[in-house]
Every structure is written in structure tokens, then in C-alpha cells.
Amino acid sequence: MAVYVGIWALLLALNIQAGSGQMVQMDTSKSGFVGSQVELRCVFINSNPPVKISQVTWQKLLNGTKQNVAIANPALGVSVLPPFKERVSFKHAAVRHRTPSLEDTTIVFSNLQLSDEAAYICEYTTFPAGNRENMVNLTVYARPMTRMTLTTPTIVARAQKRKMTVATCVSANGKPPSVIKWDTRLKGEATYQETRNQNGTVTVRSNYVVIPSRETHKQKLTCIVTYRNEKITDSVVLNVQYEPEVQIEGFDGNWYLNRQNVQLTCRADANPPVTIYQWKLLNGSLPSNVEIKNNTLFFKGPVTYDLAGTYVCDATNGIGTRTGIVDVNITEKPMAQGPPGGVIGILGGVVAIGLIIGVAVTVVMVHRRQQKTRTETDNDLIAVAAVADSCVTQGPEKPESPTRTDLPPVHKPAPPPPKKKNSDMKGHLTSDDIQVVHLDKEEEMQKLPLQPPYYDMAPSESTPFTDKPDSGRHPEEPLNPAEYMSYQRVCNMEQFPESQPAPAYPPVTFLPQHPYTQHPSNEPMYSNTSFPTHGPRAPFTFPKEQSV
């Protein structure tokens, strides 16, 4: 038993070694068009040492069923079976020799048909290696027949304005199916339909639908058929018949008495052309001096009031009749001719452009002015905030007198010299420094002479308003009233209330209030007008307050 097993293993090993070098070479796929020729390659790669080829068989595999196509046998020769006998042959003549060479058994299909599309097997029978085979897929294409036709030779535009098919594009019996598109200026729509035929081809049909009108006449319509990588185009020009479109020309609105050589012409756009023109005058008959030639009325002689009226022209063709109307009025004198329309158009354009530029400039200026206003407002707010911060940082003492009213830093008089008796009153006025006058009548106030002001030449003590190191102002430079008000509201809310009742009489200050001449005094006088002067000046001090 062991001897038989060893022999069987030896034979199997030899078979595997011999078969390892054998192979059938074929293309994976082939294709061709109907009616063309195609080759199906089949080459046998033998082993070393070679095996014996007993037979080569070509088979057609379709839907799981095999059908013999051609056979090559070294002893029996070559045989091609029907229905391929007339169209299939072996490519190399050596296959048909008495001592054939069967290493290359390529076959050729002539006059390819759609029914030839299938998978084909090339099978080699060898000894002692057995059978070796391979397979190729054959695809058959069918080039479509493309045509484009008008639905009817003549398309008629009706008054109902109904849609109708004006042209049809067909790509018939194509494999694979084609794609149809339209190229035109017409405002229409396309419909598509595919039909699969029994032989595997597809017919594609597309109709183009429009509403026939005068505008569609003589319009070009192009059908573009795309089949694989090819494009096929076909075009037609629409011939649309329509009723006349009538217009009467010749009246320019300036027919005046005694004008010569006037006429009216009936213009009609029609397909087919107009064959009959008829003129008439509403509510009357044509003037006696009118001559009709074809589509024109010639008025002989000078223009008179008899030519006035409504003229009607009826134009008729094979589709229908349409009418044109014009009202003619006669004036005594010629009408003044206005400027040409082109000049008016140019002037209007220039005016419009000027208005547009003006509006744009105004918008830009307003926008810039608003930005500038916002910037100034922000700067004012920053200045007020800086003053408030300075006030909080330095922390000036609150005045003890509740009746005192602070003045702006430049106009505020300096406090009197400190008294020796009480150091707590340093820098403030006392009752001895203020003159109080009670006036009941305005006349008495006017009669009262103004006391000469008293000035103290001694330097006053430093205050937050006069000697602030970083104030950035000179003593002679007045503050802006808005800045002063903001400063007072920030730093002296108790001394400067938001609203105060107007005093019965305006306060009397150290400045002259009446236009009378004062006697010169030996005491130095200082003005608070803040005008700069030339030359060196003594240190500036403020006079004491004087109140009445």
C-alpha cells in the first residue's frame, strides 16, 4: 500500500512541475462597431520541456451557455461552426497546415454584429498537463443615425398663441444611447424620449416646442447630438407665417396750410407678403386730390384743412388682415422745430451726472463733518476727565464761607494776605474786607459812586488755579468758559450748584461798570483783559474782591 502512495505522489509532483510554466495569453476586453473587424488574440506559452497540444477550441459564453465557434486539431485540421463560418477565421495560416503550429490561434471577426457581443473562451487541451484556458470580453457598439426635421414645412402663427412642436431631433439605434441638446436664441422648451430596441440599441427623440410668432421667423435652431466622444450637429431655419404688422408713415405732426408734397405710406411686415392694400378715411371719403399707388397716398397740390382726419390702411396676406391708423391734423403755420433728440439726451445725461456727483460730494462732506464733530466732542470729554482727575489728585480744601462764588482760574482774584490773629482764616476774605451796600431802588444804585478798587501788590499764596505745575497755561491766558464750568461742576459741586436763581442786581466787580472817567491814582492798576503785551512784566497778582 505504501508503494502505491509513493508512486502517486511522484506523478502528482511531476504534473505540477510541468504545468507551472504553461499559460494562455489573451486581452481582457475588446470592442468594435457594427460592421467593423476585430481580432481576438490567443497565444499559448509552453513549458520547458514542452507539452503536446492536442486541440484548441474557441467557445462563446453567453448567459451561462457555451457555444463552439472554431476548432483547430493537429490531425483533423480546422473547423469553423455556423453561424460564424462566414465571418470568423484563424489569423495565421500555419494553423491550417498539414503539420500545424498551434501556439498562436488568434481569430478574426469580420462584419461585426450586435449579436457577437459576449465573452469568448480560448481553451488548449495538452498532454499530459491537461486543459489551459483564458477569456476575453467582446463589446459591440452601434453608431446611431441622427436626423433633424421640421414638424411641418410651414409654421403658422395664430392669434391664440398656442405652443407647438416646430422641430424634432432623433438619434436612432445607438449603442450606447446618445445625448441630445439644443442651441438657439428662441425662447422655447425641449422634450426628451428614449426607446430601447430589441437588438439592444436605443433611440433618443427630442422635440422643440415654441409659440410661433413674428419674432420666431427665420430663427436658427441647432440640434447637438453627443455620442461617446463625438458630436453631431444639424440645423434648420424656421419659416413662420404670420399676419401683417401694419404701420402708417409720412405724418410728422407738422402739416400746415399750403405745404407741398405730403404723402402717407402703409408699411406692413408679413409672411407671406401683403397682396392687397386698402385705404379709407373714417367718417368720410378720401379727398379728391389723393392719388393711390400701391401702398402710398399722394396728396396733390397744397395742404388744406380738407386733408385732416383719421386715415386707415388695411393690409391682407394669405394668413389674415391687419389694420393701421393715423390721425392727421392741419395747422395754420409751421410748428417750431425743437432741438434734436440726441442733443436733449446728451444734456440730460450731463445734468444727471452732475446731480449724482453733487449728491456724492455732499454725502462725503456731511460724513466728514460728523466725524470731526464726534472727534471734538471726544476731546472735550477727555479734557473734562483730565480736569476731574487733577482735582481728585490735588484735593483742594473746601472754602469755609458758604456764600463765596468761585470764578474761573484766570479771573478769580487772589485771596488777601493771611491775618496774624487767626491762622485758620488764611487765604480767605473777612467781613472787614467787604463793603456791603443795601440799595432799594435802581436809581440810588446809579447815583452811588463806585469805590476805587484796592490792590495788594504782595504775592499771594499758591492755589490750585494759579500755581499748578502741569496746568500748561500762562497766567495771562484765560480759560474757556466751557472748561471752567466743567471744572466747577466736577470739583466744586457744593459751591457751584446746577441751577441758581438769577440775582436781582448784577454783581459789581473790580472792573469799571459805567462809562465815566476815573481820576488817575498812584496805585498800580492791572487789567484782566488778558491781552499780551511787549516787554518784561512784573509777576501777575489778582486784586482783592470787592462786593456791593
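Per an unreviewed UniProt entry, the protein chain goes by Nectin cell adhesion molecule 1 and derives from Oreochromis niloticus. Under the UniProt heading Subunit (unreviewed entry), the note attached to the protein chain is "Cis- and trans-homodimer. Can form trans-heterodimers." Per UniProt, the protein chain has the following entry under Function (unreviewed entry): "Cell adhesion molecule that promotes cell-cell contacts and plays important roles in the development of the nervous system. Acts by forming homophilic or heterophilic trans-dimers."

Novice: Residue-level account of the overall build of the protein chain, with values.
Specialist: When helices and strands are tallied, the protein chain shows four helices and 28 strands. Considering only contacts in the protein chain between residues 6 or more positions apart, those separated by 24 or more positions represent 63%. In the form shown here, the protein chain has an accessible surface area of approximately 36,200 Å², with 55% of it arising from carbon and sulfur atoms.

Novice: Describe the nonpolar core, listing the residues and the values that go with them.
Specialist: Core analysis: the biggest nonpolar cluster contains 30 residues, and Leu-40, Trp-58, Phe-109, Tyr-120 and Tyr-124 have the highest contact counts within it. Counting 21 residues, the second-largest nonpolar core is a separate cluster that includes Trp-279, Phe-299, Leu-307 and Tyr-311.

Novice: Explain the pattern of salt bridges residue by residue, including any values.
Specialist: Taken as a whole and assessed by the stated rule, the structure comprises 14 salt bridges. Ionic pairing is found between Lys-175 and Glu-117, a salt bridge with its closest N-O pair at 2.8 Å. Within this pair, whereas Lys-175 is found in the loop between strand E14 (164-174) and strand E15 (179-184), its partner Glu-117 is found in the loop between strand E9 (107-109) and strand E10 (118-127), the two being separated by 58 residues in sequence. According to the relative accessible area criterion, Glu-117 is partly exposed, its value standing at 30%. Residues Arg-322 and Glu-243 are paired through a salt bridge, measuring 3.8 Å at the closest nitrogen-oxygen approach.

Novice: Outline the sheet that holds strand E23 (residues 276-281), listing residues and values.
Specialist: Across the sheet, three strands lie side by side as E23-E26-E27; this open sheet has antiparallel pairing. In this open sheet, the two edge strands, each paired with only one partner strand, are E23 and strand E27 (321-328). Each neighbouring strand pair of the sheet contributes to a mean axis angle of 20°, computed without reference to strand direction. For strand E26 (residues 309-316) and E27, the ladder comprises eight bridges, and the chain directions are antiparallel. The residue of E27 that forms the bridge with Ala-315 is Arg-322.

Novice: Just give me the short version of the environment of Arg-132, but keep the residues and values in it.
Specialist: Its place among the elements puts Arg-132 in strand E11 (residues 130-141). For the pair Arg-132 and Phe-44, spaced 88 residues apart in sequence, the C-alpha to C-alpha distance is 8.8 Å. Here Gln-22 takes part through its side chain, which lies 3.5 Å from a polar atom of the side chain of Arg-132.

Novice: Break down the packing of aromatic side chains for me, with residues and values.
Specialist: A complete count under the given rule lists eight aromatic pairs for this structure. Geometrically, the ring pair formed by Phe-44 and Tyr-124 is stacked, given 4.7 Å between the ring centres and 20° between the ring planes. In this pair, Phe-44 sits in strand E4 (residues 43-45) while Tyr-124 sits in strand E10, placing the two residues 80 residues apart along the sequence. Each member of the pair, Phe-44 as well as Tyr-124, is classed as buried. Put simply, the rings of Phe-251, Trp-255, Phe-299 and Tyr-311 touch in pairs and so form one group of aromatic residues.

Novice: Give a description of the state of the cysteines that names residues and reports values.
Specialist: Per the stated rule, a full pass over the model turns up three disulfides. Between Cys-169 and Cys-223 runs a disulfide, and the two sulfur atoms are separated by 1.8 Å. Residues Cys-169 and Cys-223 share a disulfide whose torsion about the S-S bond is about -70°; that sign makes it left-handed. Here Cys-223 lies in strand E18 (residues 220-227) and Cys-169 lies in strand E14, a separation of 54 residues in the sequence. Taking relative accessible area as the criterion, Cys-169 reaches 0% and is therefore assigned buried.

Novice: Outline unusual backbone geometry, supporting the account with residue identities and numerical values.
Specialist: Asn-48 connects to Pro-49 through a cis peptide bond whose omega is 5°. Looking at the secondary structure, you find Pro-49 in the loop between E4 and strand E5 (52-62). Cis geometry is adopted by the peptide bond preceding Pro-176, which originates at Lys-175 and carries an omega value of 0°. Structurally, Pro-176 can be placed in the loop between E14 and E15. Phi angles above zero are rare outside glycine, and Lys-218 is one such case at about 65°. Counting through the fold element by element, Lys-218 comes out in the loop between strand E17 (202-210) and E18. Given a relative accessible area of 63%, Lys-218 falls into the exposed group. Positive phi is not limited to glycine here, since Arg-228 has a value of about 55°. Along the chain, Arg-228 turns up in the loop between E18 and strand E19 (230-237). For Arg-228, a relative accessible area of 43% puts it in the partly exposed group.

Novice: Give me the lowdown on the environment of Ser-36, citing residues and values where you can.
Specialist: With respect to the element layout, Ser-36 can be found in the loop between strand E2 (29-33) and strand E3 (38-40). Sequence separation of Ser-36 and Gln-113 is 77 residues, and the distance between their C-alpha atoms is 8.4 Å. With sequence-adjacent residues up to four places away left out, Ser-36 is seen in contact with Phe-109, Ser-110, Asn-111 and Leu-112. At 2.5 Å, the side chain of Ser-36 and the backbone oxygen of Phe-33 are in polar contact.

Novice: For the side chain of Gln-22, give the residues involved together with the corresponding values.
Specialist: Within the secondary structure, Gln-22 sits in the loop between helix H1 (2-19) and strand E1 (23-25). At 3.5 Å, the side chain of Gln-22 and the side chain of Ser-47 are in polar contact. Excluding its chain neighbours within four sequence positions, the residues that come into contact with Gln-22 are Phe-44, Ile-45, Asn-46, Ser-47, Val-51, Thr-126, Ala-129 and Arg-132.

Novice: Outline the sheet that holds E15, supporting the account with residue identities and numerical values.
Specialist: Taken in spatial order, the three strands of this open sheet run E15-E18-E19, and their pairing is antiparallel. On the outer flanks of this sheet lie E15 and E19, each paired with one strand and no other. Each strand axis lies, on average, 20° off the axis of its neighbour in the sheet, ignoring direction. Two elements, E15 and E18, share six bridges in a ladder whose sense is antiparallel. For Ile-180, the partnering residue across the bridge sits in E18 and is Val-225.

Calculation rules
Residues numbered from 1 in each chain as written. Predicted model: local features only at pLDDT ≥ 70, side-chain atom pairs only at ≥ 80, totals over all residues. Heavy atoms only, no water. UniProt positions renumbered as here; feature names shortened; annotations may be inferred. Helix = DSSP H or I, 4+ residues; strand = E, 2+ residues; numbered from the N terminus. Contact = heavy atoms within 4.5 Å. Areas by Shrake-Rupley, 256 points an atom, 1.4 Å probe, with all protein chains shown as cover. Core = buried A, V, L, I, M, F, W, Y, C linked by side-chain atoms within 4.5 Å. Buried < 20%, exposed > 50% of the residue type's maximum accessible area, 1.4 Å probe, protein only. Salt bridge = Lys/Arg side-chain N within 4 Å of Asp/Glu carboxyl O. Pairing = 2+ DSSP bridges. Axes fitted to C-alpha atoms, helices over the stretch in contact; angles between N-to-C directions. Polar contact = N/O pair within 3.5 Å; in protein donor to acceptor, adjacent residues only side chain to side chain. Phe/Tyr/Trp six-rings, centres within 6.5 Å; stacked < 30°, edge-to-face > 60°. Disulfide = S-S within 2.5 Å.

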